[in-house]
Amino acid sequence: MCPAVPPPPGRSRVGFSLVELLVVIAIMALLVALLLPAVHSAREAARRIGCANNLKQIATALLIHECQQGCFPPAAVVSDKAACDSCFDPWGEARRTGTAAIIGKQGTSWLLELLPYLEQTGVFNAWNRQTNVLGNAALAQTDIAGFYCPTRRSGIRIGRGDHLNLPDASWRGGGTDYGGCYGRLDGFVNDTAERHRFCDMSASTLTPRTATPTAPRVGHQSGLLDGVFAATRRRPASSISDGQTHVIVIGELQRLRPLPGAANAAAYNRTSYDGWAAGGVATLFDVATDPGRGNPGGMNNEFFESPGSDHPGGALFAMADGSVHFISEFIDAKDNGAMFPLLGSIRDGRVTLLEEAVD
């Protein structure tokens, strides 16, 4: 074995000391820590632009539909109804099975009616109007990229239980993150036996359940709570007397699954339905604030009727004039006469300034 040869005099060893290496690693870690939030922010900004573009396309399709046919599509094509005014059951009708039970039934949503204006004419033309959503399962599972928010998902997430919210749990496509605005009313029945059917629209049904000094109880039949979409009726743009610039027509939806261990109404009211083809709460939201019925108001509130998103700080909405805005989740929604609820009704006579609501 050769003995170690010391370096020549006057020449130092080449390399880093341990302290120098640790300093370099610390600097690199600091730079990564500084850059990661910026990268994440840039990615979210791009996704938010993509989401806004999706809403813009849908809103434009709605306006074209209204221009060509003289009205917006109904919230749902549905005929099953309980023994009360307008208590239609779109989800139950969409999921019916058995040939005799589904002939002439549909349970479809307003989004189906827009497909020709969204470059989905093939799906629209192939849809069998003599049966319901489940009877058109192959078509209803079509994934339409513009119906998914890029921040949240690009398809059905089995690991998050998305498929359990679809008309059939075996489906692996056909979701949507966007819905139409039903107004500032109590839109859907909470009782589990009623499958979130549309709420009674008789004069005896008042919203909110408990009045406040700035939000008196108003009857559903008054029209003061109405949104652009109605259960089975087609509304023209001329019905928006508050002005199309000041009224929300579509927006982002929460997609909720019940908390582990939750039961009964608590679990049901934290459960979303999903699927662009299905009418009812799967493709609608309301902007009411009605704590007496379990609705805390606002967005991202984990109550199935309300809108929401996976964007930090708020959600995107399209107005009835086609413009798209990001509205902060801190917008005033303290009661049913506050700014956010008023943005969802078409003829309450109290025009809100959108500039005060947007981020």
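Just so you know, these numbers come straight off a predicted model, no measurement behind them.

Details of the overall build of the protein chain
Next, step 1: A tally of helices and strands in the protein chain yields eight helices and nine strands.
Next, step 2: Projected onto the principal axes, the alpha-carbon positions of the protein chain cover approximately 100 × 50 × 45 Å.
Next, step 3: With 359 residues in all, the protein chain has 53% of them scored as buried.
Next, step 4: Look at the contacts in the protein chain between residues 6 or more apart in sequence, and 69% of them connect residues 24 or more apart.
Next, step 5: Of the roughly 16,100 Å² of accessible surface on the protein chain, a fraction of 58% belongs to carbon and sulfur atoms.
Next, step 6: For the protein chain, the distance from the average site of its 31 positive side-chain charges to the average site of its 34 negative ones is 5 Å.

With respect to the state of the cysteines
Two cysteines form a disulfide when their sulfur atoms are joined by a covalent bond.
Next, step 1: One pass over the full model with this rule turns up one disulfide.
Next, step 2: Residue pairing for Cys-84: its cysteine sulfur links by disulfide to Cys-87, the two sulfurs lying 1.6 Å apart. What sets the handedness of the Cys-84 and Cys-87 disulfide is the S-S torsion sign, and at about -130° it is left-handed.
Next, step 3: Since its relative accessible area comes to 3%, Cys-87 is described here as buried.
Next, step 4: Looking at the unpaired Cys-199, the closest cysteine sulfur is the one in Cys-87, lying at 6.5 Å.
Next, step 5: The exposure class of Cys-199 is buried, given its relative accessible area of 9%.

Topic: the side chain of Ser-345
Next, step 1: Inspection of the secondary structure puts Ser-345 in the segment after helix H8 (339-343).
Next, step 2: A polar atom in the side chain of Ser-345 sits 3.1 Å from the side chain of Arg-184.
Next, step 3: Sequence-distant contacts of Ser-345, that is, excluding residues within four places in its chain, are made with Arg-184, Leu-224, Leu-225, Asp-226, Asp-242 and Val-247.

Here we look at the packing of aromatic side chains
Next, step 1: The final tally for this structure, using the stated rule, is eleven aromatic pairs.
Next, step 2: Between Phe-303 and Phe-304, the ring centres sit 5.0 Å apart and the planes meet at 45°, which makes this aromatic pair tilted.
Next, step 3: What makes Phe-304 buried here is its relative accessible area of 5%.
Next, step 4: Put simply, the rings of Tyr-182, Phe-188, Phe-198, Phe-303 and Phe-304 touch in pairs and so form one group of aromatic residues.
Next, step 5: Sitting over the face of the ring of Phe-326, Arg-48 holds its NZ or CZ atom 3.8 Å from the ring centroid.

Re the environment of Arg-347
Next, step 1: Here Arg-347 is to be found in the segment after H8.
Next, step 2: Taking the C-alpha atoms as reference points, Arg-347 and Val-228, separated by 119 residues in sequence, lie 9.7 Å from one another.
Next, step 3: In this structure the side chain of Arg-347 is engaged in a polar contact, spanning 3.4 Å, whose partner is the backbone oxygen of Gly-223.
Next, step 4: In this structure the side chain of Arg-347 is engaged in a polar contact, spanning 2.7 Å, whose partner is the side chain of Asp-226.

With respect to the sheet that holds strand E3 (residues 178-181)
Next, step 1: Read from one edge to the other, the open sheet built from five strands follows the order E7-E3-E6-E8-E9, with strand pairing classed as mixed. Among the strands making up the open sheet, the edge pair consists of strand E7 (284-285) and strand E9 (324-328).
Next, step 2: Looking at chain direction, strand E6 (residues 248-252) and strand E8 (residues 314-319) are connected through three bridges and run antiparallel. Among the inter-strand pairings, Gly-251 is bridged to a residue of E8, identified as Phe-317.

Remarks on the environment of Cys-67
Next, step 1: Looking at where Cys-67 falls in the secondary structure, it is placed in helix H1 (residues 18-69).
Next, step 2: Each C-alpha atom of the pair Cys-67 and Lys-56 lies 16 Å from the other, and the pair is eleven residues apart in sequence.

A word on the pattern of salt bridges
Next, step 1: Scanning the model with the defined rule gives 18 salt bridges in all.
Next, step 2: Asp-226 is the salt-bridge partner of Arg-347, the closest N and O atoms lying 2.7 Å from each other. In this pair, Arg-347 is assigned in the segment after H8 and Asp-226 in the loop between strand E5 (218-219) and E6, connecting sequence segments 121 residues apart.
Next, step 3: According to the relative accessible area criterion, Arg-347 is partly exposed, its value standing at 29%.
Next, step 4: Residue Asp-226 is classed as buried on the basis of its relative accessible area, which comes to 8%.

Notes on unusual backbone geometry
Next, step 1: Across the junction of Thr-207 and Pro-208, the peptide omega takes the value -5°, indicating a cis bond.
Next, step 2: Summarising the element assignment, Pro-208 is placed in the loop between strand E4 (206-207) and E5.
Next, step 3: Despite not being glycine, Glu-119 shows a phi value in the positive range, around 60°.
Next, step 4: Examined against the element boundaries, Glu-119 turns out to sit in the loop between helix H4 (110-114) and helix H5 (121-126).

Re the environment of Gly-174
Next, step 1: By the element assignment, Gly-174 lies in the loop between helix H6 (137-140) and E3.
Next, step 2: The class of Gly-174 is buried, set by a relative accessible area of 1%.
Next, step 3: Sequence separation between Gly-174 and Asp-274 is 100 residues; the distance between their C-alpha atoms is 8.3 Å.
Next, step 4: Discounting chain neighbours no more than four positions away, the residues touching Gly-174 are Ala-140, Gln-141, Thr-142, Asp-143, Tyr-148, Leu-166, Gly-275 and Trp-276.

Focus on the side chain of Thr-151
Next, step 1: The residue Thr-151 is located in the loop between H6 and E3 in this model.
Next, step 2: Engagement of the side chain of Thr-151 in a polar contact is seen with the side chain of Glu-44, the distance being 2.8 Å.
Next, step 3: Filtering out sequence-adjacent residues up to four positions away, Thr-151 remains in contact with Glu-44, Arg-47, Arg-48, Asp-310 and His-311.

Cut-off values and rules
- Residues numbered from 1 in each chain as written.
- Predicted model: local features only at pLDDT ≥ 70, side-chain atom pairs only at ≥ 80, totals over all residues.
- Heavy atoms only, no water.
- Helix = DSSP H or I, 4+ residues; strand = E, 2+ residues; numbered from the N terminus.
- Buried < 20%, exposed > 50% of the residue type's maximum accessible area, 1.4 Å probe, protein only.
- Contact = heavy atoms within 4.5 Å.
- Areas by Shrake-Rupley, 256 points an atom, 1.4 Å probe, with all protein chains shown as cover.
- Lys, Arg positive; Asp, Glu negative; His and termini not counted.
- Charge placed at Lys NZ, Arg CZ, Asp CG, Glu CD.
- Disulfide = S-S within 2.5 Å.
- Polar contact = N/O pair within 3.5 Å; in protein donor to acceptor, adjacent residues only side chain to side chain.
- Phe/Tyr/Trp six-rings, centres within 6.5 Å; stacked < 30°, edge-to-face > 60°.
- Lys NZ or Arg CZ within 6 Å of the ring centre and 35° of its normal.
- Pairing = 2+ DSSP bridges.
- Salt bridge = Lys/Arg side-chain N within 4 Å of Asp/Glu carboxyl O.

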